[in-house]
Amino acid sequence: MTSARVGKQQDGPAADAAGAPGAHQGEGYQRGLGARQIQMIAIGGAIGTGLFLGAGKAIAKAGPSLILAYAIAGLVIFFIMRALGELLMYRPVSGSFSEYAREFVGPFAGYVTGWTYWLFWVVTGITEVTAAAEYMTYWFDIPQWVSALVFTLILYGVNLISVKVFGELEFWFSMVKVTAIIGMILICAGILTLGFSDAGDTASVSHLWSDGGFFPEGVGGTLMTLQIVMFAFLAVELVGVTAGESKDPEKTLPKAINTVPWRIAVFYVGALIMILSVVPWTQFQPGVSPFVAAFEKMGLAAGAGIVNFVVLTAALSSCNSGMYSTGRMLRDLALNGQGPRFFTRLTRSGTPLVGTTFSAALMMVGVWINYQWPGEAFDYVVSFATISGMWAWIMILVCQIRYRAKADRGELPGSSFRAPGAPWTSFFSLAFIGMVIVMMGVDKDARVSLYCAPVWALIMFVSYQVLKSRNPDAFDRTPVQGAAAPRD
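Residues numbered from 1 in each chain as written. Predicted model: local features only at pLDDT ≥ 70, side-chain atom pairs only at ≥ 80, totals over all residues. Heavy atoms only, no water.

Before going further, it helps to spend a moment on the pattern of salt bridges. For the structure on display, the rule yields seven salt bridges. A salt bridge links R418 to D408; the nearest nitrogen and oxygen atoms lie 3.6 Å apart. Of the two residues, R418 sits in the loop between α21 (385-408) and α22 (424-442) while D408 sits in helix α21, which places them 10 residues apart along the sequence. Looking at R418, the relative accessible area reads 42%, which means it is partly exposed. The class for D408 is exposed, based on a relative accessible area of 51%. Between E411 and R409 there is a salt bridge; the shortest N-O distance is 2.8 Å. On the basis of relative accessible area, R409 is assigned to the exposed category, the value being 54%. Several salt bridges converge on common partners, so that one network encompasses R91, E99, R102, E103 and D332. (Salt bridge = Lys/Arg side-chain N within 4 Å of Asp/Glu carboxyl O. Helix = DSSP H or I, 4+ residues; strand = E, 2+ residues; numbered from the N terminus. Buried < 20%, exposed > 50% of the residue type's maximum accessible area, 1.4 Å probe, protein only.)

Burial of nonpolar side chains together is a common tendency in soluble globular proteins. Within the largest apolar cluster, 144 residues are counted, with the highest numbers of intra-cluster contacts made by I77 and W393. The dominant element in this core, judged by the number of residues it contributes, is helix α7 (residues 107-136), at 18 residues. For I77, the contacting residues outside a window of four places in its chain are M230, F233, V236, V260, I264 and W393. (Core = buried A, V, L, I, M, F, W, Y, C linked by side-chain atoms within 4.5 Å. Contact = heavy atoms within 4.5 Å.)

Our next topic: empty space enclosed by the protein. Tallied over the entire structure, the rule returns two cavities of 30 Å³ or more. Looking at the lining of the largest cavity, its residues break down into 11 nonpolar, 10 polar and three charged. (1 Å grid on protein atoms, 1.4 Å probe; cavity = no way out; pocket = protein on both sides within 12 Å on 5 of 7 lines; lining within 4 Å. Points joined across faces, edges and corners; volume = space filled by probe spheres on them. Nonpolar A, V, L, I, M, F, W, Y, C, P; charged D, E, K, R; others polar.)

A cluster of nonpolar side chains, F108, L458, F461, V462 and V466, forms an exposed patch at the surface whose accessible area comes to about 430 Å². Broken down by element, the nonpolar patch gets its largest block of residues, four residues, from helix α23 (residues 447-470). Its place among the elements puts F108 in helix α7. Among the residues examined, F108 registers a relative accessible area of 33% and is labelled partly exposed. (Patch = residues over 30% accessible without salt bridge, like charges linked within 9 Å, V, L, I, M, F, W, Y side chains within 5 Å. Areas by Shrake-Rupley, 256 points an atom, 1.4 Å probe, with all protein chains shown as cover.)

Of the pockets and cavities examined, the second largest pocket occupies roughly 210 Å³. Taken together, 13 residues line the second largest pocket, and the ones lying closest to its centre are T116, I387, W391, A453 and W456. At the level of secondary structure, the elements contributing two or more residues to the lining of the second largest pocket comprise α7, α21 and α23. Classifying every residue of the lining of the second largest pocket by side-chain character gives 11 nonpolar, two polar and no charged.

As a packed pair, helix α5 (residues 66-90) and helix α15 (residues 260-278) sit with axes 9 Å apart at the nearest point and diverge in direction by 170 degrees. Put simply, α5 runs roughly antiparallel to α15. When α5 is examined against α15, the residues L66, I67, Y70, A71, G74, I77, F78 and M81 are found in contact with a partner set consisting of V260, P261, I264, Y268, V269, L272, I273 and L276. Here the contact of α5 with α15 is composed, by residue class, of 15 nonpolar, one polar and no charged. (Axes fitted to C-alpha atoms, helices over the stretch in contact; angles between N-to-C directions. Parallel < 35°, antiparallel > 145°, perpendicular 65-115°, else oblique.)

None of the figures reported here should be taken as evidence of function without further support.
This is how it looks when you write it as structure tokens:
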């Protein structure tokens, strides 16, 4: 049995059970995310610590050519998001990536995708709450583990109240990030045109090509920054996880996805052009935020504190997203028999109680790491995030290619939001991701991520075989959302 297109109910008992208010195809979630929240979740997903902090290391490696790297990678991200949008309009479900992988590639692909994306957000949650704890030491002389514990408990509580509260918190987190970047762009534009501040005498767009050229470290140096660039875009796909809880997915999701080009053009390309015009790229150092360096060059003493607040917000936003998505992924796996059944339980407000609690408990490992090794905590847990996050992108593209082929043959209903240029844009994006993975293998600092992948793949294969031997029906059938799960 194939899945119905958005707006159509499945036939049979499952459909009847799904007909309760707030349910969609038996998922049981409440549609509490409005257009305003979806838009800001989509914007915030593309802006994080990868831009505010990671860009400093990338600038030191590639110089002004980093602008081109962000532009090309941003185009690939747009292709990925449009591929995801086509799938979402075919069938908007909360566990979108694993659901599509299960349907268009196979049960094992769905199993690996669901658990890998869950692990990605658990690891990311640990790294981000660790980063947030480090940022707090800028203002307060308190142990890192205390801040990490408080942040984890607060975000856990927020995610258990309702999806609307999560969306509202994410809205304001995103507003802080957007306001900071737009403010920086306007300040830099003022310096370039009016010449005020300490940087006014030397600021010039000629810095983009006069200090060793646009490619001062060669094309190879630019290619070596691609893993940093792609890491900055991780979580942009989070809008797909919200599909099952969007009030009007046919309108809000395409609109959010279509804003990807201008988001990247303004927040990445535009911001870097302005910053590198005010501050020569040679003055940036790895590990130092380019925003902090720019504020210091301008002579704005409060700049460091402002940026510290913004990156704290970005870290908490990412951890908040992790709390949200992990519970949904675990519940999707459980609904399809590929995870413990107790993960299906919802609260009366429609949040996945057990899955979110289990994930938050694992994120508490970050508190322990901060207690044991406060100086090296971030480095201990960050290596796996990039490769596991890109697996979701790969599955999105592969599933879109297979779905489009079936839709064109009339085997499945067509999507109301077709990806332009597909399947060729999807093939191009897959090739680009492959090149990034090769670059990660060449870079000794990023290579550790690839060492983790075979270990995780072995764990997935063995656990899959064990679960399949115990419950073969769950791994052989076509994915169909079951009846709404019990609530507490």
